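Summary of the model geometry
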Amino acid sequence: MHPELKHSEFQTSTVSNPPRRQFTRQRRQLTDGERSQYARMASLHLVKLQQRLAPRARIGLYYDGFGELPTQPLLDWCQRLGYFPYLPVVGSLGNDDKRLRFVPIYQSKLLNVPTRIHSLGMKQNHHRRLLWAAELDVIICPLTAVDKNGNRMGMGGGFYDTTLGKGYRSGAKKPLKIGWCYDFQVVQTLQRQPWDVPLDGLITPSGIRWF
């Protein structure tokens, strides 16, 4: 097990921003068993993230509903160590508001969390106890691709960049922004837009990297 990702472990890309379908296609080609195995491998590196967290930290997670690296091991980790897990909610202040808010998870399995499908296709849970991103210690961010400098290509909706942009530009120390993905989603370089918010760290089955 390598504690840090090596430079050579990143794929190079001659295209600044490869098409999202390239990665979504690869994700969907994986079997459930392969996804679970890769998630178990990635979860071995969570100890490195744990070293940066206070007890009872608040951790933002997400549903892996589009072939992403499964996030159930993240929920297991939170509950094992006494962290408080949360899930994102889109449009809690109206459909035109892209800022995410976060609801607590009380179930031990993501499959058991009561959800409804947002118009964009993602599952989400509604609850009165909503937190802003700034109230969390860590947000595990979904992504389509990420480069060796922590630049993130999101899912296309702009929700995480909008949610995290103000805090990032003001130099806020939290939440830590951590990517969680397969190794094939890591490329050499992505073109960064002015509104993009880079990650602070990245966890893949091969290891953890800090930016």
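Here the structure is shown first, and the text comes after it.
Residues numbered from 1 in each chain as written. Predicted model: local features only at pLDDT ≥ 70, side-chain atom pairs only at ≥ 80, totals over all residues. Heavy atoms only, no water.

**Some remarks on the overall build of the protein**
Assigned secondary structure in the protein consists of five helices and 13 strands. For the protein, the proportion of its 211 residues judged to be buried stands at 47%. In the protein, 73% of the contacts between residues at least 6 apart in sequence involve partners at least 24 apart. Carbon and sulfur atoms make up 50% of the accessible area of the protein, which amounts to about 10,900 Å² in all. (Helix = DSSP H or I, 4+ residues; strand = E, 2+ residues; numbered from the N terminus. Buried < 20%, exposed > 50% of the residue type's maximum accessible area, 1.4 Å probe, protein only. Contact = heavy atoms within 4.5 Å. Areas by Shrake-Rupley, 256 points an atom, 1.4 Å probe, with all protein chains shown as cover.)

**Quick look at the side chain of glutamine 72**
Positionally, glutamine 72 belongs in helix 4 (residues 72-81). The class for glutamine 72 is buried, based on a relative accessible area of 17%. Polar contacts involving the side chain of glutamine 72 include one to the side chain of aspartate 76, which spans 2.7 Å. The residues contacting glutamine 72, other than those within four sequence positions of it, are Asp64, Ser108, Lys109 and Leu110. (Polar contact = N/O pair within 3.5 Å; in protein donor to acceptor, adjacent residues only side chain to side chain.)

**A short note on the nonpolar core**
Nonpolar side chains in soluble globular proteins tend to be buried together. In terms of nonpolar packing, the biggest core is built from 51 residues, with Leu49, Leu53, Ile59, Leu61, Ile140 and Trp180 touching the most fellow members. Not counting residues within four places of it along the chain, the set of residues in contact with leucine 53 comprises Ile59, Trp77, Tyr83, Val138 and Leu176. (Core = buried A, V, L, I, M, F, W, Y, C linked by side-chain atoms within 4.5 Å.)

**Thoughts on the sheet that holds strand 7 (residues 138-141)**
Reading across from one edge, 6-3-2-1-7-10-12-13 is the order of the eight strands in this open sheet, with mixed pairing throughout. Taken across any chain shown, the strands that pair with only one partner, and hence form the sheet edges, are strand 6 (131-132) and strand 13 (207-210). Note: strand 1 (residues 58-60) against strand 7, two bridges, orientation parallel. Bridge pairing in strand 7 places glycine 60 opposite isoleucine 139. (Pairing = 2+ DSSP bridges.)

**With respect to empty space enclosed by the protein**
With the rule as written, the count across this model stands at one cavity of 30 Å³ or more. Volume-wise, the largest cavity comes out at about 40 Å³. As for the largest cavity, its lining consists of Cys141, Arg152, Tyr160, Asp161, Leu164, Lys177, Val197 and Leu199. Ranked by residues supplied to the lining of the largest cavity, first place goes to helix 5 (residues 159-169) with three residues. For the lining of the largest cavity, the class distribution of residues is five nonpolar, no polar and three charged. (1 Å grid on protein atoms, 1.4 Å probe; cavity = no way out; pocket = protein on both sides within 12 Å on 5 of 7 lines; lining within 4 Å. Points joined across faces, edges and corners; volume = space filled by probe spheres on them. Nonpolar A, V, L, I, M, F, W, Y, C, P; charged D, E, K, R; others polar.)

**A word on the packing of aromatic side chains**
Taken as a whole and judged by the stated rule, the model has three aromatic pairs. A ring pair is formed by tyrosine 182 and phenylalanine 184, whose centres lie 5.2 Å apart and whose planes are at 10°; its orientation type is stacked. Neither residue differs from the other here; tyrosine 182 and phenylalanine 184 are each classed as buried. Cluster of aromatic residues (ring-pair linked, three or more members): Tyr38, Tyr182 and Phe184. The side chain of lysine 98 reaches across the aromatic face of phenylalanine 159, ending 5.7 Å from its centre. (Phe/Tyr/Trp six-rings, centres within 6.5 Å; stacked < 30°, edge-to-face > 60°. Lys NZ or Arg CZ within 6 Å of the ring centre and 35° of its normal.)

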